[in-house]
Amino acid sequence: MRNRADRGTPPNRSAWAKPLRGLALAGLLLLAACKVDLYSGLEEREANEMVAILLHQGIPAERTATKDRGLVVSVEEDRFADAVDLLRRNGYPREHYDSIPTIFKGDGLVSSPVEEQARLIYALSQELSRTISQIDGVYSARVHVVLPDAEGLKASATPSSASVVIRHHADIDLTKLTPEIKMLVANGIKGLLYENVSVVFLPTAVGATTPPIQDPLTNIAGVWVHQSSAPWLEGLLTVLGLALAAAAAAVGWMLWRRRGAAPQAAE
C-alpha cells in the first residue's frame, strides 16, 4: 500500500480561489456601471421619450419599473449633469397636471362658495392645460382662467376671460392653431366667449445647443459604449472569458487528478 507521502501534496484549492474571485470581481465591475436615478414616477410614454433623447445624444440611459415609484430613468453617474441639462433643454420632464377627481376628492368637508370657485377654476385650468400640452410640438402649456365673482344672487358684471401661454418647439409653427385653441378653451369653460381668450406662443429652440452625435451607442454585454470603443471592450471581454475558462479548466483538472489518486491510495 502506498502511503500518503508517496502521492505528493494534494493541490491547494485555496491558491486558485483568490485569482478566481479577483477575475469574477473584475467582470462584475466591468459589466455593472455605476448608475443613479435621474427621474422617477414617470409614465411609459414620457420615460421612453426621455431615454430615446439621451441615447440619441450619446448618453447611456435605461428605464426600469418599480412598485413604489413607477418608471425610473437612470443614467451613469458621471453623465448625470449632462443628462439633466439635455432633458431640461428638451422640455423634460413634462409638467404634470392635476385632474378634476384629484382636486374634488369628495372628502365631505363643507367649503365656502369662494373656495369651491377657486377649486373649480384651478381644475378647469389644469384640464385645459393638459389637453393643450398633448399637441405635437408643445413642451408646456398654462391656461389662466378668470371667472366672474358670484355669491348668491349677486354677480359681478366682469365677463369670464382666459389667457393661454404655450411653450413650443421653435421649428413648429403653432400660430395657425390659434382659432382651434381659443375655441377649445371657450367651449371648455361655461360663459367664456371666444373673443375673451388670448393665446401667447413662446417658441423655444431647446435643441439648438445640443451637442451633435460623435459616435452612436452600442450595447456590449449590458454596457452602453460608443461604437469606436466597442472593439476594445469586446477584446477585453474575450480575454476575461478565456482567463475564466482557463482557470476553471485548471481547477477541474486538479480535482480530477485528486479523485484519480484516491483509489490508488486505498490499494
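Preceding this paragraph is the structure being described.
Structural notes, computed from the coordinates.

Rules of the game
Residues numbered from 1 in each chain as written. Predicted model: local features only at pLDDT ≥ 70, side-chain atom pairs only at ≥ 80, totals over all residues. Heavy atoms only, no water. Core = buried A, V, L, I, M, F, W, Y, C linked by side-chain atoms within 4.5 Å. Buried < 20%, exposed > 50% of the residue type's maximum accessible area, 1.4 Å probe, protein only. Helix = DSSP H or I, 4+ residues; strand = E, 2+ residues; numbered from the N terminus. Contact = heavy atoms within 4.5 Å. Salt bridge = Lys/Arg side-chain N within 4 Å of Asp/Glu carboxyl O.

Attention now moves to the nonpolar core. One finds Ile132, Val143, Val164, Ile166, Ile181, Val185 and Ile189 to be the most contacted residues of the largest nonpolar core, which totals 21 residues. Contributions of two or more residues to this core are made by helix 5 (113–133), strand 4 (138–146), strand 7 (161–169), helix 6 (178–188) and strand 8 (197–204). Those residues in contact with valine 143, other than ones at most four positions away along the chain, are Ser125, Leu128, Ser129, Ile132, Ser163, Val164 and Val185. The next biggest cluster of nonpolar side chains, apart from the first, holds 16 residues, and it includes Met50, Ile59, Val75 and Leu86.

Think of it this way: side chains of opposite charge can pair up when their charged atoms draw near. If you walk through the whole model with that rule in mind, you get five salt bridges. Close ionic contact of arginine 63 with glutamate 44 constitutes a salt bridge, the shortest N to O distance being 4.0 Å. Of this pair, arginine 63 sits in strand 2 (residues 61–66) while glutamate 44 sits in helix 2 (residues 44–56), and the two are 19 residues apart along the sequence. With a closest N to O distance of 2.9 Å, aspartate 85 and arginine 89 form a salt bridge. Taken as a pair, aspartate 85 and arginine 89 lie in helix 3 (residues 80–89) at a separation of four residues, close to a single helical turn. Relative accessible area serves as the criterion here: at 29%, aspartate 85 is assigned to the partly exposed category. A residue is classified by how much of its surface remains accessible, and arginine 89, at 14% relative accessible area, is buried.

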